[in-house]
Amino acid sequence: MAEEPRPRASWDEYFMSIAQVVATRSTCPRKYVGSAIVRNRTILSTGYNGSIRGMPHCSDVGHMMEDGHCVATIHAERNGVNIDGATNYVTASPCWNCFKQLANAGIVRIVYGEFYRDERIFEIAKQIGIELVHVPLPGVTLPRLPPHGAG
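Because the structure is predicted, anything quoted here is derived from the model rather than measured. (Residues numbered from 1 in each chain as written. Predicted model: local features only at pLDDT ≥ 70, side-chain atom pairs only at ≥ 80, totals over all residues. Heavy atoms only, no water.)

### As for the overall build of the chain
Secondary structure summary: the chain contains five helices and nine strands in total. Its helices and strands in sequence order give the chain the pattern α-β-β-β-α-β-β-β-α-β-α-β-α-β, from N to C terminus. Residue burial in the chain is summarised as follows: out of 151 residues, 38% are buried. Relative to all contacts within the chain whose residues are 6 or more apart in sequence, the contacts with residues 24 or more apart total 53%. Carbon and sulfur atoms make up 51% of the accessible area of the chain, which totals about 9,200 Å². (Helix = DSSP H or I, 4+ residues; strand = E, 2+ residues; numbered from the N terminus. Buried < 20%, exposed > 50% of the residue type's maximum accessible area, 1.4 Å probe, protein only. Contact = heavy atoms within 4.5 Å. Areas by Shrake-Rupley, 256 points an atom, 1.4 Å probe, with all protein chains shown as cover.)

This is the structure we're talking about:
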């Protein structure tokens, strides 16, 4: 008797799952974020929240806080190599600064797992022709975040 075929993940679910696994490399425990940059169903690059290359990680030396945010880290979207015409898969929607950088780098589509604090990206994306797509996180188990305000 033939086995029942298992359901296949959609391409968006597949790449979002990869972005979620990449998030496990994040070194700033305030927010674990992973990013996968994809063009033509091929991963071009991945990135995660982490310190500037050569600098100590927040997980080792603590946070550099400014206005309630850690500014020591480079965001996941920026830690990936951005290429014209590519799609950026990111577990949390880009903050305003990352969105601007992705737009300038030629990213044409951003698939995000959860909304993260800046509504401006939706209006500007429409104006400049960037597609924003919400794909719920598929459930890869990540380390627990510390209580808000810790660290």
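Resuming the write-up.
### Re the pairing of strand S9 (residues 131–134)
Pairing of strand S8 (residues 109–114) with S9, which is carried by four bridges, proceeds in the parallel orientation. Note on S9: the bridge partner recorded for Val111 is Val133. Handedness of the crossover joining S8 and S9 through helix H5 (residues 120–128): right-handed. (Pairing = 2+ DSSP bridges. Right-handed = clockwise from strand over helix to strand, strands pointing away.)

### Remarks on the nonpolar core
Counting 14 residues, the largest nonpolar core has Val33, Val90, Phe99, Ile107, Ile110 and Ile130 as the members making the most contacts within it. At the level of secondary structure, the elements contributing two or more residues to this core comprise strand S7 (87–92), helix H4 (96–105), S8 and H5. Setting aside its immediate chain neighbours within four residues, Ile110 contacts Asn88, Val90, Pro94, Phe99, Leu102, Ile130, Glu131, Leu132 and Val133. Counting nine residues, the second-largest nonpolar core is a separate cluster that includes Phe15, Ala19, Ala36 and Val38. (Core = buried A, V, L, I, M, F, W, Y, C linked by side-chain atoms within 4.5 Å.)

### A look at the packing of aromatic side chains
Per the stated rule, a full pass over the model turns up seven aromatic pairs. Measuring from ring centre to ring centre gives 5.7 Å for Trp11 and Phe15, while their planes differ by 25 degrees; the resulting arrangement is stacked. Of this pair, Trp11 and Phe15 both sit in helix H1 (residues 11–22), four residues apart, which is roughly one turn of that helix. Here Tyr14 and Phe15 contribute two aromatic rings whose centre-to-centre distance is 4.9 Å and whose plane-to-plane angle is 65 degrees, an arrangement assigned as edge-to-face. In textbook terms, an aromatic cluster arises when at least three aromatic residues are bridged by ring pairs, as seen for Trp11, Tyr14, Phe15 and Tyr89. (Phe/Tyr/Trp six-rings, centres within 6.5 Å; stacked < 30°, edge-to-face > 60°.)

### Some details on unusual backbone geometry
With a phi close to 60 degrees, Arg41 is a non-glycine residue in the positive phi region. Along the chain, Arg41 falls in the loop between strand S1 (34–39) and strand S2 (42–48). Its identity is not glycine, yet Arg117 carries a phi of approximately 60 degrees, on the positive side. Relative to the elements of secondary structure, Arg117 occurs in the loop between S8 and H5. For Arg117, a relative accessible area of 44% corresponds to the partly exposed category.

### Focus: the sheet that holds S9
Think of a sheet as strands paired side by side through backbone hydrogen bonds, with each pair either parallel or antiparallel. Strand order across the open sheet formed by five strands is S2-S1-S7-S8-S9, with mixed pairing between neighbours. Each edge of the open sheet carries a strand with a single partner, namely S2 and S9. Neighbour-to-neighbour, the strand axes of the sheet open up by a mean angle of 20 degrees, direction not taken into account. Looking at chain direction, S1 and S7 are connected through four bridges and run antiparallel. Bridging from a neighbouring strand, Ser35 pairs with Val90 of S7. (Axes fitted to C-alpha atoms, helices over the stretch in contact; angles between N-to-C directions.)

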